[in-house]
Amino acid sequence: MVATNVGIGLLFFAAAVPCFAGVFRVSRLQQRDVRLGLRALLLTVGTWALLQAAQMLTQSTTLATALFTAGLIVGFGTVFAWLYFTSAYTGRTLHRQRSYRLFAVALYATVVLFKLTNPIHGLHFTAEMATEPYTRLVVDHGPIYWLLFLSAYGLTAIGMYFLVRMFRQSTQSTWKLTGLVGITGLAIVPKAVSAAYPAVLPELSYEPIGVALFALGALYLVEDTFLSLETPVRNQLFERTNKGVISVGSEGEIHEYNRQAATFFPALDGGIRTVDDLFGRLPVEQLTDDTRIVEADRNGEECVYLLTSRSLELGPHQVGRTLIVQDITESYERKQDLQLFRKAVDNASQAILITDRDGEIEYVNTAFEDQTGYTEAEVLGRSPNVLKSGKQDSNYYANFWETIVGGEQWEATIVNQRQSGELYTVRQQVSPLTDDDGDVTHFVGIESDVTEQRRREQQLTVLNRVLRHNLRNGINVIQGNIDMLKERLDDEALLSLVDAVDSRAEELARQSAKAGKLQSLMDQELSSDASYDVCGTLERLRDEFADSNPNASIAVECSQRPQVKADTRLELVLTELFRNAILHNERSDLQITATVRPATVEQTNTWIAISIEDNGSGIPDHEKETLETGEETPLQHGTGLGLWLVHWTIDLFGGEVNIETRGTGTRVTVTLLEADEPDGEDPEANGK
């Protein structure tokens with residue numbers, strides 16, 4: 001056995017001594033987990049060093065291989081002891097989390113099994129004894145060895161990061177401790193040399209020497225600093241809180257901050273060193289003992305923080321300040337949304353009230369006060385029965401409560417009573433509000449005062465019925481007398497006058513019938529799944545008008561045959577447009593062209609343009625304006641109800657009407673939404 005073997009063996013033995021000695025000195029640390037982790041680290045590293053010392057002193061290949069394998073197993077275990085220690089020492093809780101523990105046990109057990117079975121598979125390493133220039137075990141490492149080697153160093157680097165980060169945040173001088181941590185990583189240098197020049201250095205793991213130097217330095221040379229930096233329970237809470245905490249000295253220097261503060265202000269790990277630097281990122285001019293809301297940019301995102309500042313005093317002197325920062329972006333935005341919603345509800349034109357499940361009023365808006373005459377203070381805590389008029393019977397209220405308590409919406413038109421005693425009619429909607437479990441907790445009611453609307457509707461209905469009835473009866477009398485006059489008169493001049501009266505009477509009769517039809521048509525809502533075959537209707541109308549007007553040239557152009565969102569009332573519109581084109585055209589070469597094509601509208605939906613174009617003299621400007629805008633004045637109004645039928649019907653379908661009058665005629669274009677064609681339905685059958 002040459003001196004080299006003895007020298008290297010003694011070196012590793014010397015590394016083991018401070019490790020085992022340090023096990024007893026660890027008791028000065030405060031926390032049990034820190035003591036446990038550091039003791040485990042020192043014991044495993046010391047054992048690892050002794051195994052390698054023994055390996056250098058043996059001449060047997062079998063024994064040397066066994067000691068090398070044992071060293072690999074113990075050495076890989078030091079990684080987990082190191083992570084346990086650094087996690088506990090820096091105030092983290094990773095070492096206590098069950099998932100991490102189970103992962104560590106499973107990984108270590110797998111690696112140990114793989115190493116122990118290496119004689120079978122030989123994938124980890126192969127070894128043989130060499131005698132020159134000294135006796136040593138020469139190891140040929142397989143790829144799995146280097147994979148585990150890199151994994152071990154990667155895990156070790158995580159623990160180093162924990163320590164270095166804590167050292168950087170400390171206000172104490174920690175360069176010596178940082179250097180000791182760096183020394184533990186320098187063991188990779190002799191490892192690389194031994195791999196490249198095995199004759200110079202034996203292929204051993206030199207990490208125990210680095211850890212031994214760390215233990216000697218931390219527990220003996222800079223023990224006070226090492227002990228003072230140990231993160232106590234208070235600092236564990238400091239790190240685990242979801243609020244950012246920043247400790248500021250009396251001169252404005254930032255002494256310490258937790259991980260959450262660094263998350264809020266990433267520059268704390270870089271450029272921010274004083275409170276003035278921090279103010280450069282917050283809209284705060286001066287710190288006082290208060291709590292305020294501040295907005296700041298974080299990685300390009302606008303965030304809202306609740307900033308609390310508290311001074312630290314020692315007797316009459318202020319020795320520093322603590323800043324507590326809480327991210328309230330989400331709750332602040334919710335509050336803003338709620339305030340916006342509250343303002344919208346407060347200013348809504350409909351009366352809105354909210355009750356609890358028992359029907360006691362908790363909120364009413366301004367429109368409710370205006371509509372009912374009651375103030376909010378007068379109705380809070382009371383039942384909506386304060387508006388009861390007696391016009392609804394008990395069955396109404398029974399159905400009402402059964403519906404809303406069952407979680408369904410209630411709609412009805414009812415009569416209420418104002419505080420003044422005046423009766424009024426409302427359109428009422430009441431909806432239940434539920435919690436996360438689906439249980440009804442509140443009800444919200446929306447009431448629209450439709451008193452005047454109902455009164456106008458009733459008046460218009462009566463006037464329309466009376467006028468049409470009287471007009472029809474009057475026309476019948478006129479036409480009867482006209483028939484008798486025609487039988488008794490021989491004077492052609494007088495008969496022409498009678499014919500003019502008869503023609504006008506017939507027109508009035510048509511207008512009366514059209515008014516009745518308009519009223520019935522406008523009472524119908526358009527179905528949500530309405531679909532109408534516009535091309536088929538145009539072709540049928542073309543044939544009908546061509547038969548009754550043989551001098552007219554009528555064409556229908558449908559390059560596509562789309563379905564539009566309309567119903568049979570569209571046929572009345574198209575009929576009116578055809579009739580209008582014929583009646584107002586005195587040309588002998590009357591031409592009418594109906595075209596259906598996709599409209600060029602800058603909207604997401606697909607629109608269809610239906611154009612009726614003629615070569616007549618054109619629609620008068622005031623009637624054109626009436627048809628497009630739906631408005632007329634006492635001095636300028638349409639000559640009949642036909643144009644109103646077109647405008648109202650297309651408006652009801654959600655479309656629009658456009659008129660182009662040119663020197664050679666008029667084009668009326670109706671634009672409607674394209675309908676979704678039902679699956680399996682014959683498009684030719686739609687709208688029939």
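Here the residue numbers are simple positions, counted from 1 along each chain's written sequence. Residues qualify for local features only when their pLDDT is at least 70, as the model is predicted, and side-chain atom pairs are given and counted only at 80 or more; totals for whole chains, interfaces and linings, by contrast, use all residues. To obtain the side-chain values, all non-hydrogen atoms of the structure were used and water was disregarded.

### Section: the overall build of the chain
And step 1. Secondary structure is summarised from DSSP: a helix means a run of H or I of at least four residues, a strand means a run of E of at least two, and numbering begins at the N terminus for each. Scanning the chain from terminus to terminus reveals 23 helices and 19 strands.
And step 2. Taking all 688 residues of the chain together, 42% fall into the buried category.
And step 3. Contact definition: two residues touch when any of their heavy atoms are within 4.5 Å. For the chain, restricting intrachain contacts to residue pairs at least 6 apart in sequence, the fraction spanning at least 24 positions comes to 58%.
And step 4. Reported accessibility uses the Shrake-Rupley method at a 1.4 Å probe radius. Residues are deemed covered only where the shown protein chains occlude them. Accessible surface for the chain amounts to roughly 37,300 Å². Of this, 54% is attributable to carbon and sulfur atoms. Summary of the burial criterion: residues with accessible area below 20% of their type's maximum are buried, those above 50% are exposed, and those between are partly exposed, where the area comes from a 1.4 Å probe applied to protein chains only.

### Examining the packing of aromatic side chains
For any pair of aromatic rings, geometry is given as the distance between the ring centres together with the angle between the planes.
And step 1. Aromatic rings from Phe, Tyr and Trp, with only the six-membered ring used for Trp, were paired whenever their centres fell within 6.5 Å, and each pair was classed as stacked if the ring planes differed by under 30 degrees, edge-to-face if by over 60, and tilted otherwise. Taken as a whole, this structure holds 21 aromatic pairs when the rule is applied.
And step 2. Both rings, one in Trp 401 and one in Phe 443, keep their centres 5.9 Å apart while their planes meet at 85 degrees; by these two values the pair is edge-to-face. In this pair, Trp 401 sits in helix H17 (residues 394–405) while Phe 443 sits in strand S12 (residues 440–449), placing the two residues 42 residues apart along the sequence.
And step 3. A relative accessible area of 34% places Trp 401 in the partly exposed class.
And step 4. A relative accessible area of 3% places Phe 443 in the buried class.
And step 5. Between the aromatic rings of Phe 545 and Phe 578, the centroid separation amounts to 5.5 Å while the plane-to-plane angle is 25 degrees, which identifies the pairing as stacked.

### Structural notes on the packing of helix H1 (residues 3–25) against helix H2 (residues 32–57)
And step 1. Structural elements are reduced to axes, namely lines fitted to C-alpha atoms, with helices fitted over the stretch in contact, and the angle between N-to-C directions of any two is expressed from 0 to 180 degrees. Contact geometry for H1 and H2: axes closest at 8 Å, N-to-C directions at 165 degrees. As judged from the angle between their axes, H1 and H2 are roughly antiparallel. Here the hand of the crossing between H1 and H2 comes out left-handed. Side by side, H1 and H2 meet where Asn 5, Val 6, Ile 8, Gly 9, Phe 12, Phe 13, Ala 15, Ala 16, Cys 19, Phe 20, Gly 22 and Val 23 of the first sit next to Arg 39, Leu 42, Leu 43, Val 45, Gly 46, Thr 47, Ala 49, Leu 50, Gln 52, Ala 53, Met 56 and Leu 57 of the second.
And step 2. Ten residues, namely Ala, Val, Leu, Ile, Met, Phe, Trp, Tyr, Cys and Pro, are considered nonpolar, four, namely Asp, Glu, Lys and Arg, are considered charged, and the remaining ones, Gly among them, are considered polar. Taken together, the residues that form the contact of H1 with H2 break down as 17 nonpolar, six polar and one charged. These descriptions rest on fixed angle ranges, namely under 35 degrees for roughly parallel, over 145 for roughly antiparallel, 65 to 115 for roughly perpendicular, and the rest for oblique. Helix crossings fall into two classes, left-handed where the near helix is turned counterclockwise from the far one by less than a right angle and right-handed where it is turned clockwise.

### Concerning the side chain of Thr 135
And step 1. Its place among the elements puts Thr 135 in the loop between strand S1 (125–130) and strand S2 (136–141).
And step 2. Thr 135 gets classed as buried once you look at its relative accessible area, which sits at 14%.

### Thoughts on a negative patch on the surface
And step 1. The grouping of Glu 295, Asp 297, Glu 301, Glu 302, Glu 333 and Asp 337 at the surface amounts to a negative patch.
And step 2. Within the secondary structure, Glu 333 sits in helix H14 (residues 329–346). Patch membership is restricted to residues that have no salt bridge and whose relative accessible area is over 30%. Joining uses 9 Å for like charges and 5 Å for the nonpolar side chains Val, Leu, Ile, Met, Phe, Trp and Tyr. What makes a salt bridge here is a side-chain nitrogen of Lys or Arg within 4 Å of a carboxyl oxygen of Asp or Glu, nothing more. In this count, Lys and Arg are taken as positive residues and Asp and Glu as negative ones, while His and the chain termini are left out. The location of each charge is read from NZ of Lys, CZ of Arg, CG of Asp or CD of Glu.

### Looking at the nonpolar core
For soluble globular proteins, the rule of thumb is that nonpolar side chains tend to be buried together.
And step 1. Buried Ala, Val, Leu, Ile, Met, Phe, Trp, Tyr and Cys residues that are joined via side-chain atoms within 4.5 Å together make up what is termed a nonpolar core. In this structure, Leu 38, Phe 85, Tyr 89 and Phe 226 are the most contacted members of the largest nonpolar core, which totals 50 residues.
And step 2. The set of elements that each furnish at least two residues to this core consists of H1, H2, helix H3 (61–89), helix H4 (98–116), helix H6 (143–169), helix H7 (175–185), helix H9 (207–221) and helix H10 (223–228).
And step 3. With nine residues, H3 is the largest single contributor of residues to this core.

### Regarding helix H23 (residues 642–652)
And step 1. The buried fraction of H23 is high, at eight of 11 residues.
And step 2. Three or more residues of H23 are buried, namely Gly 642, Leu 643, Trp 644, Leu 645, Val 646, His 647, Thr 649 and Ile 650.
And step 3. With its phi angle positive at about 80 degrees, Gly 654 sits one or two positions after the end of H23.

### A short note on the sheet that holds strand S19 (residues 665–673)
The strands that make up a sheet are held in pairs by hydrogen bonds between backbone atoms, and each pair lies either parallel or antiparallel.
And step 1. Note on pairing: two strands pair once DSSP finds at least 2 bridges between them. Strand order in the open sheet made by the five strands is S14-S16-S17-S19-S18, with mixed pairing throughout. Since the sheet does not close on itself, it has two edges, and those belong to strand S14 (553–558) and strand S18 (656–662), each with one partner. Direction aside, the axes of adjacent strands within the sheet are offset by 15 degrees on average.

### Focus on the sheet that holds strand S9 (residues 361–364)
And step 1. Strand order in the open sheet made by the five strands is S9-S8-S12-S11-S10, with antiparallel pairing throughout. Looking along the sheet, the strands with just one partner apiece sit at the ends: S9 and strand S10 (410–417). Averaged over all pairs of adjacent strands, the angle between strand axes in this sheet comes to 25 degrees, irrespective of strand direction.
And step 2. Note: strand S8 (residues 351–356) against S9, three bridges, orientation antiparallel. Among the inter-strand pairings, Ile 354 is bridged to a residue of S9, identified as Tyr 363.

### A few points about H7
And step 1. Within the sequence span of H7, burial applies to Leu 177, Leu 180, Val 181, Thr 184 and Gly 185. One side of H7 carries all its buried residues, which in axial view fall inside an arc of 155 degrees.
And step 2. Structurally, H7 contributes buried residues whose contacts are with H6, helix H8 (188–196), H9 and H10. Directions are taken from the helix axis to each C-beta atom, and the arc is the one they span.

### Some words on a nonpolar patch on the surface
And step 1. Judged by side-chain polarity, Leu 186, Ile 188, Val 189, Val 193, Tyr 197 and Val 200 come together as a nonpolar surface patch covering roughly 550 Å² of accessible area.
And step 2. Tracing the chain through its elements places Leu 186 in the loop between H7 and H8.

### Digging into the pairing of strand S3 (residues 244–249)
Within a regular strand, the side chains alternate between the two sheet faces.
And step 1. In terms of burial, S3 is largely enclosed, as five of its six residues are buried.
And step 2. In this structure, S3 lies alongside strand S4 (residues 254–257), joined through three bridges in antiparallel fashion. By the bridge assignment for S4, Ser 247 is matched with Glu 256.
And step 3. A loop of four residues connects S3 with S4, the two strands running antiparallel in sequence, and Gly 252 in this loop sits at a positive phi of about 90 degrees.

### Digging into the pairing of S1
And step 1. In this sheet, S2 lies alongside S1 in antiparallel orientation, the contact comprising six bridges. Counterpart to Phe 125 in the pairing with S2 is His 141.
And step 2. Where S1 hands over to S2, the hairpin turn is made up of five residues, counted between the paired strands.

### Thoughts on the pattern of salt bridges
And step 1. If you walk through the whole model with that rule in mind, you get 12 salt bridges.
And step 2. The partner of Arg 561 in a salt bridge is Glu 539, with the nearest N and O atoms 3.0 Å apart. Taken together, the positions of Arg 561 in the loop between S14 and strand S15 (563–564) and Glu 539 in helix H20 (residues 534–548) put the pair 22 residues apart, joining distant regions of the chain.
And step 3. Its relative accessible area of 24% is what places Glu 539 among the partly exposed residues.
And step 4. As a salt-bridge pair, Arg 542 and Asp 543 come within 3.2 Å of each other at their nearest N and O atoms.
And step 5. Judged by relative accessible area, Arg 542 falls into the partly exposed class, the value being 25%.
And step 6. What makes Asp 543 partly exposed here is its relative accessible area of 41%.
And step 7. Overlapping salt bridges bring together Arg 418, Glu 422 and Asp 449 as one network.

### Some remarks on the confidence of the model for the chain
And step 1. Per-residue pLDDT for the chain averages 81, and the proportion of residues at 70 or more is 85%.
And step 2. Scored from 0 to 100, pLDDT reflects the predictor's confidence in each residue. Throughout residues 634–639 the model reports pLDDT below 50, and contacts reaching past four residues in sequence, or to other chains, amount to seven contacts.
And step 3. pLDDT under 50 marks residues 679–688. Its contacts with residues more than four places away, or in other chains, come to 18 contacts.

### Comments concerning the packing of H3 against H6
Geometry of a packed helix pair, given as the angle between the helix axes and the separation of the axes.
And step 1. Between H3 and H6, the shortest axis-to-axis distance is 9 Å and the interhelical angle comes to 20 degrees. Comparing the axis directions of H3 and H6 gives the class roughly parallel. You can see that H3 and H6 cross each other, and the crossing is left-handed. Seen from H3, the contacting residues are Leu 72, Phe 76, Val 79, Trp 82, Leu 83, Thr 86, Ser 87 and Tyr 89; seen from H6, they are Tyr 145, Leu 148, Ala 152, Leu 155, Thr 156, Ile 158, Gly 159, Met 160, Phe 162, Leu 163, Met 166 and Phe 167.
And step 2. Among the residues making up the contact of H3 with H6, the classes are represented as 16 nonpolar, four polar and no charged.

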